[in-house]
Amino acid sequence: MPRTTTCLGVVAAAVFAVGCRTTRSSESGTVPATQAPGAAGGPVETPGASDAGGGDEEAIAALPQGPRIGAGATHTCSLHPDGRVFCWGSNIFGALGDGTEIDRFSPVAVHGIDDAVLLAVDANGACARRAGGDVLCWGLVGPATGGTPQPVPVAGLNGVVDLLLLYDAICGLTPGGDVLCRTRSDDLATGEATRVEGAARAIELVGGGRNACVLRDDGTVLCWGDNAYGQLGDRTTNPSTAPLAVSGLSDTTALWSVGTTTWARRADGSVWVWGAD
């Protein structure tokens, strides 16, 4: 079933978020509203979690029925049921993917994509997976590109069912539950992705910045990467390149992440959070 990425953030005149989760297109697309985490290092329960609201800008309201939206620092992109991707906002680094660097106050089509089934958005760009399995990215895709204003192919992630854009890597979740990551580079069309050891049996992949987490099929959550704000949930602030179990979570049903903060919904409906305040 097609899956699209929605981002947890605050919606006002614009949407600001840097962490995303990927959802099946049949879902409502709502995510828990942000709640202030407790002490960094381990998950704490967030009382009264609720659904985030939406904007009412005229141009956004005029989009085709049923969009799925992801937001970066100053731009927003939407994946529609017909497979097209539209973006609007700041076009620095070519983040809107329309072949220009002109800012847009209403949605414009991303160049050459009409069959997307996945969308992931980061601070200054985005990536989409097409129906045939190939992944394309645009915007600030590599450290020295200066921006890529229209989609370019990404090697090594063909056929993934989830996408995650990190500061220095692009990652994907395979149908078999493995996580593959490849380094961001100025030539994404070449190179290979590397399997993240210890993250097998994953069913959801989230993260942001320099850390990532997976929900496994047994309800446990594993995280890896930077840990300065306790974003690995292991009750330390020590970074780890290997996935570590989040303390005390064994019945998780869903994950969301924004930057250095991650939320987990448990089987009893409670929402737990760890990472930055």
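It should be noted that the structure appears before, not after, this text.
Since we're looking at a predicted model, the values are computed, not measured. (Residues numbered from 1 in each chain as written. Predicted model: local features only at pLDDT ≥ 70, side-chain atom pairs only at ≥ 80, totals over all residues. Heavy atoms only, no water.)

## A few points about the side chain of N227
To be explicit about the condition: Here a helix means four or more residues in a row that DSSP labels H or I, a strand means two or more in a row labelled E, and each is numbered from the N terminus. We define a polar contact as two N or O atoms separated by no more than 3.5 Å, with the added condition that, inside protein, one atom must be a possible hydrogen donor and the other a possible acceptor, whereas residues neighbouring each other in sequence contribute only through side-chain atom pairs.
Position of N227 relative to the elements: it lies in the loop between strand 20 (221–225) and strand 21 (240–245). Of the polar contacts made by the side chain of N227, one reaches the backbone nitrogen of L232; its length is 2.9 Å. Among the polar contacts listed, one links the side chain of N227 to the backbone oxygen of N238, at a separation of 3.0 Å.

## Re the sheet that holds strand 7 (residues 75–79)
To keep things clear, this is the line we draw: Following DSSP output, two strands are said to pair if at least two bridges run between them. Here, axes are lines fitted to C-alpha atoms. For helices the fit covers the stretch in contact, and angles between N-to-C directions go from 0 to 180 degrees.
Taken in spatial order, the four strands make up an open sheet running 6-7-8-9, and their pairing is antiparallel. Each having just a single partner strand, strand 6 (68–71) and strand 9 (104–109) make up the two edges of the open sheet. Adjacent strand axes in the sheet meet at a mean angle of 20°, parallel and antiparallel pairs treated alike. Sheet topology places strand 7 next to strand 8 (residues 85–89); five bridges connect them, and they run antiparallel. Bridge pairing in strand 8 links C77 to C87.

## Structural notes on the state of the cysteines
Stated formally: Cysteine sulfur pairs qualify as disulfides if the two atoms are within 2.5 Å. Buried means the residue's accessible area, taken with a 1.4 Å probe over protein chains only, is under 20% of the maximum for its type, while exposed means over 50%, and partly exposed covers the values in between.
One pass over the full model with this rule turns up four disulfides. For C77, the disulfide goes to C87, at an S-S distance of 2.1 Å. Across the S-S bond linking C77 and C87, the dihedral sits near 105°, which makes this disulfide right-handed. Residue C77 is found in strand 7, and its partner C87 is found in strand 8; the two are separated by ten residues along the sequence. In this structure C77 comes out as buried when scored by relative accessible area, which is 0%. One disulfide bridge connects C171 with C181, the sulfur atoms lying 2.0 Å from each other. Every disulfide takes its handedness from the sign of the S-S torsion; for C171 and C181 that torsion is 110°, giving right-handed.

All quantities given are derived from atomic positions and should not be read as evidence of function.
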